Amino acid sequence: MAQIDRHIAAADWIGRSSIDRPPSSEPDKSAEIGDLWRILTVRRAWVLGTAALLTFIAVAYGFLAPPLYAATAQILIDPRDKQIVTNDVNPVAMAPDGGVIQVESQARVIESDSVLTRAARDAGLLDDPDFGGVGTGFLSWTLRTLQGEGYAPSTDAAAEGRAVRALRRRLAVKRADKVFVVDVVVTAGNPDKAARIVNAIAAAYLKDQTSARADAASRASAEMASRLDDLRKRVNVAENKVEKFKAENGLITASGQLISEQQLAESNNRIVAARARTAEARTRLQQIKDARGTAFGPDSAPEAIQSAVIERLRSQYAELASKEADLRTQLGNRHPYIEAVRTQMQDVKRLTEVELARIARSAETDYQRAAANEKALTSNLDELKRGSIVTGEASVRLRELDREVDTSRAVYSNFLNRSREIQEQTGIDTTNARVISWARPPAERSWPLRLLLFAGGLVSGLGLGAGLAFVREYLDPTVLSRRQMERLSHTSVVATYPEFKAGSERPASVAASLTLDRLASVRGQIHPPGQALSVLVTSAASDAADRRSTIHLLAAVATARGERVLLVEADLEAPPEENASGPGLIEVLRGEAGMAAAAKADSESGAARIGIGDIAKASREALSRANIEQFLAAAKSSFDLILIDGGVLTGNLRIGPLAAASDRLLIVAKNGATRQRDLLDILDISEVLGSPVSGSLFVDRYAAAA
């Protein structure tokens, strides 16, 4: 019956006040920077528990996981290839980016299937169970079945594929900044195996580069050789076209030049020489004509008439003249000897004239011959000029055909030489890459690193735990600060209490004294001085202990200040052991006991205390508004302050008339412990009961005083 009465009373109060009930507030899921540390402190069990769990898992993995060893080989890849010949197939010039892109590309080549397949074969990984080899055990069969390979026949291609996939998972190719050195790292469960695999990969890369260069040279040589036949035919066609054109146009060449052009040049040279000879003959003839009659003059004879006969006659004439002069001096001018000498001198002159005439006739003949030869050559030159004009157009076309022949012949020659060079380069390795550090079996394991795992597990656990704490706080937020409490309750915080523990008695007493001073005028409600004040204190279920401690502290401080204080236990949901025997509030309301008989001294606070009484008798009639107002009126006549423990108001709805009749309704909340949903429910219930919350008492575990 008591349970039925309780629900009926609650429904009655809620129904009568539902019209004036304000809309429910939503939890405040925002948090300030300072609240984050409070969240972590309050929910430290999540943080520390998660950190401990992940640390334990990491450490257990570090001790139970099989060790792995990492072997490293270093390969120097110079982007400038070795220059063996002048015209290499591969460029040797440095790229604008310093060759970094080329080195990065070579690093990817190391991870290619061709290199890893060759390395897997050389290192004997096709049958290695760690690298995809087919095992005979039940576990290997199960794994192959789960991967869809249980019924597939094992072939070399399948074995190579499994080995390459497993090797790629264990392979790391790294390059530091601003260097051309590539680190090839392989991780395996055995140090010797790791070193063997790394060295096999390095050797396979060098072989792959050599074969790739040789294949490139072979392909280039084959492509150029296929072009040589076309170029050879093109040269033959061009040469045949030139010869045919020459034959059709009568253009005969000798020593790379047309015969007509040679003849024209030679004829021009001959006519120049003929003209020179004609001029020379004419000059000689004129000199001979001018010299006749003056052969024995004082001047020397001109070069044109100089001959042995003339010179001899001149000598004889000179001797006779000298003799004639001597005789004339000795014998006189008319001596017969002198006449004889003079006769001889006349004979010499006559002979000289005869010789000069002969020379003149000879010079005349030479002149006529030279002039005739010049005329003939001039006629021949004119004829050649006319023939050259006729063949000029054909010569232009011929020169064009000759240029085509020269171009085709030059291209063919270059292709032929380049083809031979590339063919010779097939056996030459121009790759400038070498292994500068071959791998050695590592002496220490690379994984698991127990200290790193411990630190990682601890840090990640703390981070994950903090994240879980924040998520849990977001999903089920609590009151974090005094300002948030005021925003949620829409009332002011009357006082802030430190956490109730040893050493906090003095600041807690100060906060309680401040609370008593402010009770008279909270939320705009002014209580006349000198009149007794009734205060009902409620809280969420999680703050029950702080609520009781606050009520007893307020009672103790008020008693110490000389006030008469009455503590009333009105929590109908309290455990049975807390309801002491004897008459209590229920009996007083039912009229079965007086207030003086129910009130007993409280040993903790020194105030008078009325217990709840027999909860089974808490009927609707007993908790009526009239009985409660009569009880409060009687209590105010005997006491100055009535402190009522209203328990958790959301579950203690039967005392609604008591909450409505009380002068003040206070909520006790604790940061990091009071759920916002519980606080909002209390606020909603207080509005429904017609007794809005007057203020709140905030317990701050981080505060030392109010």
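Our subject is the structure that appears above.
Below is a summary of the structure that appears in this document. (Residues numbered from 1 in each chain as written. Predicted model: local features only at pLDDT ≥ 70, side-chain atom pairs only at ≥ 80, totals over all residues. Heavy atoms only, no water.)

Digging into the sheet that holds strand β12 (residues 600-601)
Part 1: Here eight strands make up an open sheet; going across it, the order is β7-β16-β15-β10-β14-β11-β13-β12 and the pairing mixed. The sheet is open, and its two borders are formed by β7 (493-498) and β12, each paired with just one other strand.
Part 2: Both strand β15 (residues 664-670) and strand β16 (residues 695-700) contribute to a ladder of five bridges, which runs parallel. Along β16, the bridge assignment pairs Leu666 with Gly695. (Pairing = 2+ DSSP bridges. Helix = DSSP H or I, 4+ residues; strand = E, 2+ residues; numbered from the N terminus.)

A short note on helix α3 (residues 44-64)
Part 1: With 21 residues, α3 should cover 30 Å at 1.5 Å per step; its first-to-last C-alpha distance of 29 Å lies within 8% of that length.
Part 2: Residues Val47, Thr50, Ala51, Thr55, Ala58 and Gly62 constitute the buried set of α3. Taken down its axis, α3 places every buried residue within 125° of arc, on the same side. Projecting away from the buried face of α3 at angles above 90 degrees are the exposed residues Ala45, Leu53, Phe56, Phe63 and Leu64. (Expected span 1.5 Å × (residues − 1). Buried < 20%, exposed > 50% of the residue type's maximum accessible area, 1.4 Å probe, protein only. Arc of directions from axis to C-beta.)

Regarding the pattern of salt bridges
Part 1: The full count for this structure, using the stated rule, is 26 salt bridges.
Part 2: For Glu499, the salt bridge is made with Lys670, and the minimal N-O distance between the two is 3.2 Å. A residue pair is termed long-range when its members are at least 10 positions apart, and Glu499 in the loop between β7 and α15 (505-518) and Lys670 in strand β15 qualify at 171 residues.
Part 3: One network of salt bridges, with partners in common, ties together Glu104, Arg108, Glu111 and Arg175. (Salt bridge = Lys/Arg side-chain N within 4 Å of Asp/Glu carboxyl O.)

A word on the sheet that holds strand β6 (residues 433-437)
Part 1: Across the sheet, four strands lie side by side as β2-β3-β1-β6; this open sheet has antiparallel pairing. Each having just a single partner strand, β2 (171-175) and β6 make up the two edges of the open sheet. Each adjacent strand pair in this sheet contributes to an overall mean axis angle of 30°, direction not counted.
Part 2: Strand direction decides the pairing type here: strand β1 (residues 69-77) and strand β3 (residues 181-188), joined by eight bridges, are antiparallel. Along β3, the bridge assignment pairs Gln74 with Asp183. (Axes fitted to C-alpha atoms, helices over the stretch in contact; angles between N-to-C directions.)

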